[in-house]
Each structure stands twice: as structure tokens, then as C-alpha cells.
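If you want the building blocks of each chain, they are given just below.
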Amino acid sequence: MPILKDFKFHSPGSLNAALALLEKARAPLLLAGGTFALNYLKKVSKYPTDVISLKKISSLKGIKAQGKGLWVGAMTAIYELIGSRAVCDAFPSVIEASSKLGTTPIRNMATIGGNIASRFYWVDLPAVLISLGASVTLATKKGKKTVALEKFLSVPPEKKYILTGIVLPKGNSLSFYFRHTKTAQETDVPSLGLAFSAVKKGRVISCARCIVNTTSSFPVALKKVEDVFNNFSSGDIRMDMIEKALLEDARATKLDDHRLHLLAVDLEKLLGILRQKCV
Ligand SMILES: Cc1cc2nc3c(=O)[nH]c(=O)nc-3n(C[C@H](O)[C@H](O)[C@H](O)COP(=O)(O)OP(=O)(O)OC[C@H]3O[C@@H](n4cnc5c(N)ncnc54)[C@H](O)[C@@H]3O)c2cc1C
């Protein structure tokens, strides 16, 4: 009894060729780094008829300046993100999350596009990218479009699309990622993450985004906590104000008491960092 069923393997050299194959195939599977996708070949009940590798499509690779921000190709590997001076300078929280993601072999194979397109609740990068106001660029047979990542994850995806890249707008002056893990199948995977980003001018903080990687839902925004941080300049923020806001936000999340406690600890750390940076 073979482990794998038969499928056709394709490795197109252009986006248009990949879209044509995607359209034609009855049950296609796009292959990026393969760290998730190769499991689907063995485990899913609905086997793919066609596996379409994106590896030879050069237009899906690279990190380029776009306006005041960056465009990151969907096929950019996690290790390439970590090594990018442009990402490091403008988006330190992306580096923080990427350098903790998986293990060295996983970071060498896995791509940013696969991290998003997998739509797994527990992966690290969506919360961080949402906190930075990222959008995704998508290609279908009907054409190309750009959608805010937050919106992209809030609705079911189109059946046949290729994620071509991620647009990061001008970097906010502050960005952090706090992460907790649990051990699953002999590797540490996230159990909770908090992504924070804000603009800082002197002592004034604005545009604060607090996005939680709950690992049991798509990332959620802590709106009340964001409001508290946006008032950072107007007086000393106390931890009890943040905790009160967190409890209000918690009603909209699926966080248990343990993870709420961890989040409160992270927010206290964040408050300490902001106090130091905004003297
Ligand atoms: C041992 C282990 C540890 C891990 N630890 C972590 C961790 O700590 N944090 C974390 O975030 N993740 C972790 N992961 C998950 C995984 O490595 C990442 O999420 C990775 O970024 C997936 O990218 P990939 O390129 O390998 O995607 P693939 O496996 O190739 O694809 C994943 C899915 O996305 C689809 N897809 C891929 N690219 C595109 C595209 N451009 N357009 C449309 N659809 C696409 C594929 O069809 C597939 O359904 C771990 C995985 C393993 C095996």
C-alpha cells in the first residue's frame, strides 16, 4: 500500500503559467516551502491531483522598497526575512517573530506566503504583520488585487488564488512581539503571542495596535488596550488601567485565564519598555 497517491507535479516558471495550471487542475495543491503542504499529501482525505510548486517563479521572491515601505515576495523564506537589513531597520517585530519561528531547518524552508496562506490559527507572522498594517497582493484568473491582511483573514479565501506578496507600509517607530510556546511533537510552537506597533513622536504615542495571536482563532485586536496606549502622552498610564481594558477586550477573545495572565505580564513588560523609550 503506497503512502502517497499519484499526482502530477508541476514547476512553472511564471505566475501566469502557475495560474493556468491552478485553473485547470481538479484538486490542486500549491507548494511553497512545503513545511505544511507535504503533510497534506500524506494526511488529507482529499488528495491533490496536481501539486504546483511556486519555487521557480522569480516574481514571487525578494524584498524591495515600495513607496515608503517594503514589498516582500510570498516565496521569501523566513531566514531571508531575518537576514534583511531593510526589514530589521523598519520592522523589528518581524525579525523578533521570524527568528523564534520553528527550528533552523524550518526557517530555511518555510516562506512568509505559506505562513499566511496556510490559515493556521497558531502561526506567528499574521498577528505581527496585522499590527504593522500589512496588506497582501493576490493573483487569480480574474486579475490582481491588494487586500488588508486583517480583512483577508476575516473571510474565507477564494478557491483558486496565489498570494504573490506582502506590502508593509512605512515602518512605525515602535514594534515588538512577545511570544509564549508549548511543546508539541517535540518542537516548540506558539501558544500565545502579542504584537504591538505604534508611532512615537517625542513622548507622544499614536496609532497603537495590539494584536493577539490567540492560537485558537485568527489574530484579534485589543481595542480598549490600544486606546489606553494612545493616551500614553496625556499622563502616566498605570497597569491597573491596562488590566481593566484587557478584561473588557477579553470578552471578544477566546483566551483562558492562564493566557490572559500571560498577556497581562507581557503588557506590563511593554509598559516598562514604553516608559523607558518615552522619557
Ligand atoms: C516542526 C515545525 C515547527 C513549526 N513551528 C512554527 C512556529 O514556531 N511558528 C510558525 O509560525 N509556524 C511554524 N511552523 C509552521 C510552518 O513552518 C510555517 O507556517 C511556514 O511558514 C509555512 O510555509 P511554507 O512555505 O512551508 O508553506 P507550505 O507548506 O508550502 O504551504 C502551506 C499552505 O499554504 C498554501 N500556500 C503556500 N504558499 C502559497 C501562496 N503563495 N499562495 C497561495 N497559497 C499558498 C499551500 O498550498 C498550503 O496549503 C512549524 C512547522 C513545523 C513542521
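Residues numbered from 1 in each chain as written. Predicted model: local features only at pLDDT ≥ 70, side-chain atom pairs only at ≥ 80, totals over all residues. Heavy atoms only, no water.

1. Points about the site of the ligand
Right, on to step 1. In the vicinity of the ligand there are 31 residues, among which Leu-30, Thr-35, Phe-36, Ala-37 and Thr-111 approach most closely.
Right, on to step 2. One nitrogen or oxygen atom from the main chain of Gly-102 is found 2.9 Å from an oxygen atom belonging to the ligand.
Right, on to step 3. Relative to its free-state accessible area of 980 Å², the ligand is covered by the protein chains to the extent of 91%.
Right, on to step 4. Of all the secondary structure elements, the ones that give two or more residues to the shell around the ligand are β2 (28-31), α2 (37-43), α7 (112-117), β8 (162-168) and β10 (187-201).
Right, on to step 5. Classifying every residue of the shell around the ligand by side-chain character gives 19 nonpolar, 9 polar and 3 charged. (Near = heavy atom within 4 Å. Polar contact = N/O pair within 3.5 Å; in protein donor to acceptor, adjacent residues only side chain to side chain. Areas by Shrake-Rupley, 256 points an atom, 1.4 Å probe, with all protein chains shown as cover. Helix = DSSP H or I, 4+ residues; strand = E, 2+ residues; numbered from the N terminus. Nonpolar A, V, L, I, M, F, W, Y, C, P; charged D, E, K, R; others polar.)

2. Details of the domain arrangement of the protein chain
Right, on to step 1. Here the protein chain is partitioned into domain 1 (8-53), domain 2 (58-168) and domain 3 (191-277).
Right, on to step 2. When each unit is reduced to the centre of its C-alpha atoms, the spacing between domain 2 and domain 3 is 23 Å.
Right, on to step 3. With 13 residues of domain 2 at the contact, the number on the domain 3 side is 12 residues.
Right, on to step 4. By the criterion of area lost to domain 3, the three top residues of domain 2 are Tyr-121, Ala-127 and Ser-131, representing 51% of everything that side buries.
Right, on to step 5. Run the count over domain 2 and domain 3 and you get 1 salt bridge.
Right, on to step 6. Of the charged contacts, one joins Glu-150 and Arg-209 as a salt bridge, the two residues approaching to 3.4 Å between their closest N and O atoms.
Right, on to step 7. Taken together, the connections running from domain 2 to domain 3 amount to 3 residue pairs in polar contact (both at pLDDT 80 or more). (Domains from an automatic or database assignment. Contact = heavy atoms within 4.5 Å. Buried area = accessible area lost by both parts, 1.4 Å probe. Salt bridge = Lys/Arg side-chain N within 4 Å of Asp/Glu carboxyl O.)

3. Some points on the nonpolar core
Right, on to step 1. Grouped together as the largest cluster of nonpolar side chains are 34 residues, with contacts concentrated most on Ile-116, Leu-129, Val-136, Phe-152, Ile-166 and Leu-168.
Right, on to step 2. Mapped onto this core, the elements with two or more residues apiece are β5 (69-73), α3 (78-82), α5 (92-100), α7, α8 (125-131), β6 (135-140), α9 (149-154) and β8.
Right, on to step 3. Of all the elements, α8 adds the most residues to this core, at 5 residues.
Right, on to step 4. Residues within four places of Ile-116 in sequence aside, it is in contact with Leu-129, Val-136, Leu-149, Phe-152, Leu-153, Leu-163 and Ile-166.
Right, on to step 5. In terms of nonpolar packing, the next biggest core, distinct from the first, is built from 33 residues, Leu-174, Phe-178, Leu-192 and Leu-267 among them. (Core = buried A, V, L, I, M, F, W, Y, C linked by side-chain atoms within 4.5 Å. Buried < 20%, exposed > 50% of the residue type's maximum accessible area, 1.4 Å probe, protein only.)

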